[in-house]
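Structural overview for review
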Amino acid sequence: MIKRTRTEINKCIIHKVANKYNSGQNAFSESLVRFDEESYELLLPFLLKPFGSVTQSYRFSHHADVRLNEINKYTSDIFEDDSNEVFIQHSKNIVNHLYEQSNSANIKTGDVIVAYFEGIEYKDVLTEAVGIFKIESKVDFFQTYLDDDSFDVVVQKGISTKRLDKGCLILNSSDTEGTVVLSVDNNNYDAQYWIKNFLSVKYADDRNLHTQNYLEMCKEFSEEVIKPEFGKQEQSNFLANTVDYFKEHENVDYHNFKDEIFEEDKHKNLFEDYKQHFEKLNDVLIRNNFEVSDVVLKKEKSKFKTEIKLDTNIQIKIDVDAPDASSEYLEQGYDEEKKMKFYKVFYNTEK
């Protein structure tokens, strides 16, 4: 979603956040990080690389006035006055706000990196961003050292550059819905903690959200209705046909989707009833017409389960991108002699 080829870290500071539930205390830095070339070249991609592949963005929310959203207020002030004094003070405010969200023993302590970036490319425009990153996990590594006339080894803990635990980018860019916020959370032990309580953001109301909601509804419909009622093969057929429809249409029309996917009215009625159930259960609105997001389609279809697992320790995996494969080359039957069900698979050559 962003490009970082021309991005630079303008300023950066590191604090430590404690857990209020365990009566911990935050620890603050009073000055900015002074990078050497090696640490700078390692830290920049570590912080920003995860945001290149995110598919959806968020917008700040607040029950009364979005301008009262804490992170929105602090980052807006930084964009308006990028002095070191303002940046350092609001970085502390951000950590204190994060600390206030630690309302259970599950919330992990860690290092908090707050950085001000310049030259981030978002939708072909260069802009600034404030990044907030929480490092919760540290790994063991060996450090060798010279002791008198021999080398020895000691185990130390440090930050792994392979994965960022939690992070967000607040861009100095907005649209009709508000300021653009990107987020990643690879330690999602509490779904409310980072997105809802700390950032207080919601998904942007765009084609990415509409595509995700619709595909999520189809996935749940296949699990809760098609699979128990019609079997795993029909579930796989439905999922493959759904993916094919989204690939073949730039825009989804709900009524056209039902007509193309389902042949019988009773199946259309089941889908209609489930749509209402899904909307109510998840407090979402499934749009009847929307533009397809290809990046979300690619991500969400990987979650579709099309394996047929049998009690004889055999699995049949159906390609979700081949909607006709199951109906044309897979047959189900019953063997009277063995008193067992069977699948017959047709093929020309093994791959």
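Below you will find a few notes about this structure. (Residues numbered from 1 in each chain as written. Predicted model: local features only at pLDDT ≥ 70, side-chain atom pairs only at ≥ 80, totals over all residues. Heavy atoms only, no water.)

**A closer look at the overall build of the protein**
The criterion, for reference: Helix and strand definitions here come from DSSP, where helices need a minimum of 4 consecutive H or I residues and strands a minimum of 2 consecutive E residues; each element is numbered from the N-terminal end. Whether a residue is buried, partly exposed or exposed follows from its accessible area with a 1.4 Å probe, protein chains only, as a fraction of its type maximum: under 20%, in between, or over 50%, in that order. Here, two residues are considered to be in contact whenever any of their heavy atoms come within 4.5 Å of each other. Only the protein chains shown count as cover for residues, and all accessible areas are computed by the Shrake-Rupley method using a 1.4 Å probe.
Secondary structure summary: the protein contains 10 helices and 16 strands in total. Residue burial in the protein is summarised as follows: out of 351 residues, 42% are buried. Across the protein, contacts joining residues at least 24 apart in sequence account for 65% of those joining residues at least 6 apart. With an accessible surface of roughly 20500 Å², the protein has 45% of that area assigned to carbon and sulfur atoms.

**Details of a nonpolar patch on the surface**
So the rule is basically this: To count toward a patch, a residue needs a relative accessible area over 30% and no salt bridge; like charges are then connected within 9 Å, while nonpolar side chains (Val, Leu, Ile, Met, Phe, Trp, Tyr) are connected within 5 Å. Within this document, salt bridges are pairs made up of a side-chain nitrogen of Lys or Arg and a carboxyl oxygen of Asp or Glu, the two lying within 4 Å of each other.
On the surface, Phe142, Val153 and Val155 cluster together into a nonpolar patch covering about 320 Å² of accessible area. In this structure, Val155 sits in strand E7 (residues 150-158).

**Some thoughts on helix H7 (residues 254-261)**
Filter applied, for reference: Note: the arc covers the axis-to-C-beta directions of the helix.
Of all the positions in H7, only Tyr254, Phe257, Lys258 and Ile261 are classed as buried. Down the axis of H7, the sector holding all buried residues measures 95°, keeping them to one side. Buried residues along H7 sit against helix H5 (207-230), helix H6 (232-248), strand E11 (251-253) and helix H8 (265-282).

**Quick look at unusual backbone geometry**
The phi dihedral of Asp124 falls on the positive side, at around 70°, and the residue is not glycine. You can call Asp124 exposed: its relative accessible area is 68%. A positive phi angle, near 60°, is found at Asp148, a position not held by glycine. Relative to the elements of secondary structure, Asp148 occurs in the loop between strand E6 (139-147) and E7.

**So, the pairing of strand E9 (residues 178-185)**
Within a regular strand, side chains alternate between the sheet's two faces. Just so we agree on the cut-off: For two strands to pair, DSSP has to find at least two bridges joining them.
The pairing of strand E8 (residues 166-175) with E9 spans 7 bridges and is antiparallel. From the neighbouring strand, Ser174 faces E9, where its bridge partner is Thr179. Here E8 folds back onto E9, and the loop between the two strands holds 2 residues.

**Re the pairing of E7**
Of the strand pairs in this sheet, E6 and E7 are connected by 9 bridges, and their pairing is antiparallel. Looking at the pairing, Asp140 lines up with Lys157 of E7. The loop that links E6 with its antiparallel partner E7 comprises 2 residues; one of these, Asp148, has a positive phi angle of about 60°.

**Here's the deal with the packing of helix H3 (residues 84-100) against helix H4 (residues 192-199)**
Between two packed helices, both the angle of their axes relative to each other and the distance between the axes serve to describe the pair. Quick reminder of the rule: Note on geometry: axes are lines fitted to C-alpha atoms, helical ones only across the stretch in contact, with angles between N-to-C directions running from 0 to 180 degrees. Oblique is the label for every angle not falling under 35 degrees (roughly parallel), over 145 degrees (roughly antiparallel), or within 65 to 115 degrees (roughly perpendicular). By convention the crossing between two helices is left-handed if the near helix lies anticlockwise of the far one by an angle smaller than a right angle, and right-handed if it lies clockwise. Asp, Glu, Lys and Arg are counted as charged, while Ala, Val, Leu, Ile, Met, Phe, Trp, Tyr, Cys and Pro are counted as nonpolar; the rest, among them Gly, fall into the polar class.
Across the interface, H3 lies against H4 with an axial gap of 10 Å and an inter-helix angle of 120°. The pairing of H3 with H4 is recorded here as oblique in orientation. H3 and H4 meet at a crossing whose hand is right-handed. Where H3 approaches H4, its residues Ile94, His97 and Leu98 are matched on the opposing element by Tyr193, Trp194, Asn197 and Phe198. Broken down by class, the residue content of the contact of H3 with H4 amounts to 5 nonpolar, 2 polar and no charged.

**Details of the side chain of Asn237**
Note on placement: Asn237 falls in helix H6. For Asn237, the contacting residues outside a window of four places in its chain are Ser326 and Ser327.

**A closer look at the environment of Arg6**
Relative to the helices and strands, Arg6 is located in the loop between strand E1 (2-3) and strand E2 (8-17). Sequence separation between Arg6 and Gly119 is 113 residues; the distance between their C-alpha atoms is 5.4 Å. Here Arg6 is in contact with Glu118, Gly119, Glu121 and Leu126, once residues within four sequence places are set aside.

**Things to note about the packing of aromatic side chains**
Keep this limit in mind: Geometry of aromatic contacts follows a simple scheme: Phe, Tyr and Trp rings, the Trp one being its six-membered ring, pair when their centres are within 6.5 Å, and the pair is stacked under 30 degrees between planes, edge-to-face over 60, tilted otherwise. Charge-over-ring contacts are defined here by two conditions on Lys NZ or Arg CZ: a distance within 6 Å of the ring centre and an angle within 35 degrees of the ring normal.
In total, this model carries 24 aromatic pairs according to the counting rule given. Their ring planes at 55° and their centres at 6.5 Å tell us that Tyr214 and Phe271 sit as a pair that is tilted. Remark: Phe271 occurs in helix H8 and Tyr214 occurs in helix H5; sequence separation between them is 57 residues. Across the pair, exposure class does not vary: Tyr214 and Phe271 are buried alike. Measuring from centroid to centroid gives 6.3 Å for Phe246 and Phe290, while their planes differ by 45°, and the two rings are tilted. Taken together, the positions of Phe246 in helix H6 and Phe290 in strand E12 (residues 289-291) put the pair 44 residues apart, joining distant regions of the chain. Accessibility classification places Phe246 together with Phe290 in one group, the buried group. Ring pairing ties together the aromatic residues Tyr214, Phe221, Phe238, Tyr245, Phe246, Tyr254, Phe257, Phe262, Phe271, Tyr274, Phe278 and Phe290, which thus form one cluster. Taking the ring centre of Phe87 as reference, the NZ or CZ of Lys11 above it sits at 5.9 Å. Sitting over the face of the ring of Tyr254, Lys275 holds its NZ or CZ atom 5.1 Å from the ring centroid.

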